[in-house]
Amino acid sequence: EESAADGGVTDFTLTQRDASGALAPADERAVYFPVDYVTPLRGNESARGFDLLSEPQRAAALEASFQQDEPVATPPLSLVQSDEPAMLAFRSVLTKAEPGAAAERTADHVTGVIVGIYRLQALIDAALSHLNDPTVAVVVHDMNAEGEPRQVYPSKKDASLYAEAAVKTGAASIHVGGRDWQITVHASRGYVLRRRSRIAVVELVIGLAMSLLLAAF
């Protein structure tokens with residue numbers, strides 16, 4: 001807070017979520033890693049000052065990014081500024097000093113971190129925008145979630161109904177920021193008949209995987 005004040009920011013407060021999930025002043029601790037610069041600021045004001053080390057999933061991805069030369073993503077989580085499901089991707093900015101081997105890097109080798117926010121519904125909608133076929137259901141799971149795979153993208157249609165009626169189901173995996181996502185496509189009989197080949201579903205899955213990967217990074 002003193003550092004922000006020295007930079008001319010007078011309304012900067014370190015925050016974290018309390019037991020109820022509401023924002024509250026951050027607890028006293030030796031190290032903080034707060035969100036500082038936010039763009040666009042409008043609509044994201046509450047994220048400024050939030051200590052990324054105060055929440056386990058954010059902290060794990062943040063600290064892992066110190067030792068990676070590529071973005072490191074969180075599992076799906078709720079944003080500070082809204083309850084919208086999102087994924088955060090961290091990319092460390094190293095100091096000018098020789099950082100040494102990646103596995104040996106710590107926060108002392110980092111001057112800051114760039115954080116990208118990916119709103120999952122909008123991200124995957126954009127990747128699938130060319131599909132626009134009511135006879136196909138697409139479901140995306142985060143395979144690295146604790147416990148069992150977590151669905152991060154439900155189809156606009158009830159995927160379970162398609163799964164029961166589907167004559168062809170295809171799946172592909174993509175690597176997103178250190179996480180494995182599985183894309184599953186349930187195709188109806190009408191889709192297969194229109195294309196006169198079940199191989200068309202395999203081609204569709206591959207195309208969707210590539211589109212999603214490009215949309216994410």
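Residues numbered from 1 in each chain as written. Predicted model: local features only at pLDDT ≥ 70, side-chain atom pairs only at ≥ 80, totals over all residues. Heavy atoms only, no water.

1. Focus: the environment of Gly-49
So, step 1. Structurally, the position occupied by Gly-49 is in the loop between strand S2 (23–25) and helix H2 (56–65).
So, step 2. Beyond its immediate stretch of four places on either side in the chain, Gly-49 contacts Phe-12, Thr-13, Leu-14, Thr-15, Pro-34 and Val-35. (Helix = DSSP H or I, 4+ residues; strand = E, 2+ residues; numbered from the N terminus. Contact = heavy atoms within 4.5 Å.)

2. A look at helix H3 (residues 120–127)
So, step 1. By the burial criterion, the buried members of H3 are Leu-120, Leu-123, Ile-124 and Ala-127. Viewed end-on, H3 has its buried residues packed into an arc of 85°, placing them on one side of the element. (Buried < 20%, exposed > 50% of the residue type's maximum accessible area, 1.4 Å probe, protein only. Arc of directions from axis to C-beta.)

3. Quick notes on the nonpolar core
So, step 1. Ile-124, Val-138, Val-140, Trp-181 and Ile-183 are the most contacted members of the largest nonpolar core, which totals 19 residues.
So, step 2. Counting only elements with at least two residues in this core, the list comes to H3, strand S7 (136–142), strand S8 (150–153), strand S9 (168–176) and strand S10 (179–187).
So, step 3. Ranked by size, the runner-up nonpolar core spans 17 residues in total, among them Leu-52, Val-80, Leu-88 and Val-113. (Core = buried A, V, L, I, M, F, W, Y, C linked by side-chain atoms within 4.5 Å.)

4. What about the packing of aromatic side chains?
So, step 1. Under the defined criterion, the tally for this structure stands at one aromatic pair.
So, step 2. Their ring planes at 35° and their centres at 6.0 Å tell us that Phe-33 and Phe-66 sit as a pair that is tilted. Here the residue Phe-33 occupies a position in the loop between S2 and H2, and Phe-66 occupies one in the loop between H2 and strand S3 (72–73), the gap between them amounting to 33 residues. (Phe/Tyr/Trp six-rings, centres within 6.5 Å; stacked < 30°, edge-to-face > 60°.)

5. A look at the side chain of Gln-16
So, step 1. Residue position: Gln-16 is located in strand S1 (residues 15–17).
So, step 2. With relative accessibility at 11%, the residue Gln-16 sits in the buried group.
So, step 3. At 2.9 Å, the side chain of Gln-16 forms a polar contact with the side chain of Arg-29.
So, step 4. Sequence-distant contacts of Gln-16, defined by excluding residues within four places in its chain, comprise Ala-22, Leu-23, Ala-24, Pro-25, Ala-26, Asp-27, Arg-29, Phe-50 and Ser-54. (Polar contact = N/O pair within 3.5 Å; in protein donor to acceptor, adjacent residues only side chain to side chain.)

6. Quick word on the pattern of salt bridges
So, step 1. Counted by the stated rule, this structure contains four salt bridges.
So, step 2. The partner of Arg-58 in a salt bridge is Glu-55, and the shortest N-O contact between them spans 3.4 Å. There is no split in this pair, since Arg-58 and Glu-55 are both buried.
So, step 3. Here Glu-84 and Arg-119 are joined by a salt bridge, their closest N and O atoms 2.9 Å apart. Here the residue Glu-84 occupies a position in the loop between strand S4 (77–78) and strand S5 (85–94), and Arg-119 occupies one in strand S6 (residues 110–119), the gap between them amounting to 35 residues.
So, step 4. Here Glu-84 falls in the partly exposed class, since its relative accessible area comes to 29%.
So, step 5. Owing to a relative accessible area of 31%, Arg-119 belongs among the partly exposed residues under this scheme. (Salt bridge = Lys/Arg side-chain N within 4 Å of Asp/Glu carboxyl O.)

7. Section: the confidence of the model for the chain
So, step 1. On average, residues of the chain score 79 in pLDDT, and 72% of them reach the 70 mark or higher.
So, step 2. Looking over the chain, one finds the lowest element-wise mean pLDDT in helix H1 (residues 2–6), namely 51, and the highest in S1, namely 95. (pLDDT = per-residue confidence, 0-100.)

8. Comments concerning the layout of surface pockets
So, step 1. Taken as a whole, the largest pocket encloses approximately 680 Å³ of empty space.
So, step 2. Val-35, Asp-36, Tyr-37, Val-113 and Val-115 are, among the 28 residues lining the largest pocket, the residues nearest its centre.
So, step 3. Sorting elements by how many residues they give to the lining of the largest pocket places S6 first, with eight residues. (1 Å grid on protein atoms, 1.4 Å probe; cavity = no way out; pocket = protein on both sides within 12 Å on 5 of 7 lines; lining within 4 Å. Points joined across faces, edges and corners; volume = space filled by probe spheres on them.)

9. What to know about the environment of His-186
So, step 1. Note on placement: His-186 falls in strand S10.
So, step 2. For His-186, a relative accessible area of 12% translates into the label buried.
So, step 3. Residues His-186 and Ala-171, spaced 15 residues apart in sequence, show a C-alpha to C-alpha distance of 8.9 Å.

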